[in-house]
Amino acid sequence: MRSHLTRTSSHHLIATLKKGTVLGVALLFISGCSDKSKPATQIIAKVNDDEITVHQLNNAMAKLPLTSADNLDSVRLDLVGKLVNEQLTVQQALLQKLDRSSDVMMQIEASRREILTKAYLKQLISGLPKPNAEDTKKFYDAHPELFAERRIYNLQQIIIASPHPPLAEIQKLTADKTMTDIVAALKQNNIVFSASAATRAAEQIPLTTLAVLPSLKDGEIRIIASPKSISIVKVEASQLAALSEASAMQRIPQYLMNERAKIAINDKINLLKNTSKITYMNEFSGASKQVSSLPAPTTKATDTSKSVERGIAGIN
């Protein structure tokens, strides 16, 4: 085996540990209880009494970007070296009984929960029907602001997240003011907000906001209310950047699939909440009144503006 597999610098090893060893250790501990009798062809390296298998290598390969055939052998060899280094550090951690430390045990449990959550949610959405040509065309026709009339916007935006004062109060407070004056008024009234200025393409803007922008003239300010926040938006400038129908038809199915996944996850989490006994304890005993369920999603595949804006993170 090449020398670079056995002589890894301490800097590289520390970087490797920081980037994901906790999750790797969790997987090794989980698999450590399994049957160790593996066919010889599955074993690609032995580190003292521990074995590294081709399945571990394939799992590591699956997490990398696409690799050209010319570099495949080099990449695989490098990964084997990293797996060996990782196994050596795991062995040392076990010898020092670090697996029994409360901090490590909590991190392993957190990794286990993350792995199981992702596995369950992927299984949940795996059976969802894929959008057909009719669904795709319907979405294209319903959202010209994303395609045929797509624009690039130079925006100033103030977001007031919930809980916030009533919309009427915000409208009165901000009437006939510049964005600078609005910021000053919000601060004076102790209203929490975030402000930003950025150039964004239409697809980078929430549909609730995007639906309003085409009607705004450059320099105009508009207040846009949504279930989770109030946005105060000023269009500094915009320019047409249409997307061809052919290009749109390639992108829309994945977008619709993502929306269906979010809705399915949303529905399932709400169902589980409604059919489970959840009790908040100690200082969180009153949280049940404040922790709301996810908003009930629409059942229409094309009405995506009312669907959950963000599903559970981590679905690839």
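From a predicted model like this one, the values you see are computed outputs, not experimental measurements. (Residues numbered from 1 in each chain as written. Predicted model: local features only at pLDDT ≥ 70, side-chain atom pairs only at ≥ 80, totals over all residues. Heavy atoms only, no water.)

Turning to the confidence of the model for the chain, a few remarks are in order. Per-chain confidence: the chain averages 82 in pLDDT, with 78% of residues scoring 70 or above. In the predicted structure, residues 1–23 sits below a pLDDT of 50 and forms 19 contacts with residues beyond four places in sequence or in another chain. Scored below 50 in pLDDT, residues 293–316 makes 46 contacts in the model with residues more than four places away or belonging to other chains. (pLDDT = per-residue confidence, 0-100. Contact = heavy atoms within 4.5 Å.)

Our next topic: the nonpolar core. Within the largest apolar cluster, 20 residues are counted, with the highest numbers of intra-cluster contacts made by L146, F147, Y153, L155, L210, L213 and I252. Within the residue set of this core, elements represented by two or more residues are α5 (133–142), β3 (151–161), α8 (207–210), β6 (229–240) and α9 (245–274). Ranked by residue count, the leading element in this core is α9, at three residues. Excluding its chain neighbours within four sequence positions, the residues that come into contact with I252 are T136, F139, Y140 and F147. (Core = buried A, V, L, I, M, F, W, Y, C linked by side-chain atoms within 4.5 Å. Buried < 20%, exposed > 50% of the residue type's maximum accessible area, 1.4 Å probe, protein only. Helix = DSSP H or I, 4+ residues; strand = E, 2+ residues; numbered from the N terminus.)

Counted under the stated rule, the structure contains three aromatic pairs. Aromatic side chains F139 and F147 sit 6.2 Å apart centroid to centroid with 70° between the ring planes, which places their arrangement in the edge-to-face category. No difference in accessibility class separates F139 from F147, as the two residues are buried. The structure contains a cluster of three or more aromatic residues connected by ring pairs, namely F139, Y140, F147 and Y255. (Phe/Tyr/Trp six-rings, centres within 6.5 Å; stacked < 30°, edge-to-face > 60°.)

Any two packed helices are characterised by how steeply their axes cross, that is the angle between the axes, and by the distance between the axes. Taken N-terminus to C-terminus, the directions of α5 and α9 make an angle of 105°; their axes are 9 Å apart at the nearest point. In terms of orientation, α5 lies roughly perpendicular with respect to α9. Taking contact as the criterion, the partners of D135, T136, K137, F139 and Y140 in α5 are, on α9, E245, A248, M249, I252, P253, Y255, L256 and R260. Residues that form the contact of α5 with α9 fall into these classes: eight nonpolar, one polar and four charged. (Axes fitted to C-alpha atoms, helices over the stretch in contact; angles between N-to-C directions. Parallel < 35°, antiparallel > 145°, perpendicular 65-115°, else oblique. Nonpolar A, V, L, I, M, F, W, Y, C, P; charged D, E, K, R; others polar.)

Pairs may arise between side chains of opposite charge once their charged atoms sit close together. Inspection of the entire model under this criterion finds nine salt bridges. D78 is paired through a salt bridge with K82; the nearest N and O atoms lie 3.5 Å apart. Here D78 pairs with K82, and both are found in helix α3 (residues 72–95), just four residues apart, close to one helical turn. Judged by its relative accessible area of 32%, D78 is partly exposed. E203 is the partner of R150 in a salt bridge, and the nearest nitrogen-oxygen pair spans 2.8 Å. With R150 in the loop between α5 and β3 and E203 in the loop between β4 (194–201) and α8, this residue pair connects regions lying 53 residues apart in the sequence. For E203, a relative accessible area of 43% gives the class partly exposed. (Salt bridge = Lys/Arg side-chain N within 4 Å of Asp/Glu carboxyl O.)

Another aspect to go through is unusual backbone geometry. Residue P163 is bonded to the preceding S162 through a cis peptide linkage, with omega at -5°. If you trace the backbone, P163 turns up in the loop between β3 and α6 (167–174). A positive phi angle, close to 60°, is found at K97, a residue other than glycine. Relative to the assigned elements, K97 resides in the loop between α3 and α4 (102–126). On the basis of relative accessibility, which here comes to 48%, the residue K97 falls in the partly exposed class. Phi is positive for N282, close to 50°, though the residue is something other than glycine. If you trace the backbone, N282 turns up in the loop between α9 and α10 (287–290). The class for N282 is exposed, based on a relative accessible area of 67%.

The subject of this paragraph is the sheet that holds β3. If you walk across this open sheet you meet the four strands as β4-β3-β6-β5, and the pairing is antiparallel. Whereas interior strands pair on both sides, the edge strands pair on one side only; in this sheet they are β4 and β5 (221–225). Taken pair by pair, the neighbouring strands of this sheet meet at an average axis angle of 25°, ignoring direction. Pairing of β3 with β4 involves eight bridges; the strand directions are antiparallel. (Pairing = 2+ DSSP bridges.)

Before going further, it helps to spend a moment on a nonpolar patch on the surface. Together, I278, Y280 and F284 make up a nonpolar patch on the protein surface, roughly 300 Å² of accessible area in all. Turning to its location among the elements, Y280 is positioned in the loop between α9 and α10. Judged by its relative accessible area of 32%, Y280 falls in the partly exposed class. (Patch = residues over 30% accessible without salt bridge, like charges linked within 9 Å, V, L, I, M, F, W, Y side chains within 5 Å. Areas by Shrake-Rupley, 256 points an atom, 1.4 Å probe, with all protein chains shown as cover.)

Between its terminal C-alpha atoms α9 stretches 42 Å, which fits the 44 Å expected from 30 residues at 1.5 Å a residue. The sharpest bend along α9 reaches about 30° and sits at R251, with the proline P253 one to four residues further on. (Expected span 1.5 Å × (residues − 1). Bend = angle between axes of the 7 residues up to and from the residue.)

Inspection of α6 places I170, L173 and T174 among the buried residues, and these make up the whole buried set. Taken down its axis, α6 places every buried residue within 85° of arc, on the same side. Exposed positions of α6 whose direction lies more than 90 degrees from the buried face are A168 and K172. Contacts from the buried residues of α6 go to β3, α7 (179–188), β5 and β6. Looking at the residues trailing α6, positive phi occurs at D176, about 60°. (Arc of directions from axis to C-beta.)

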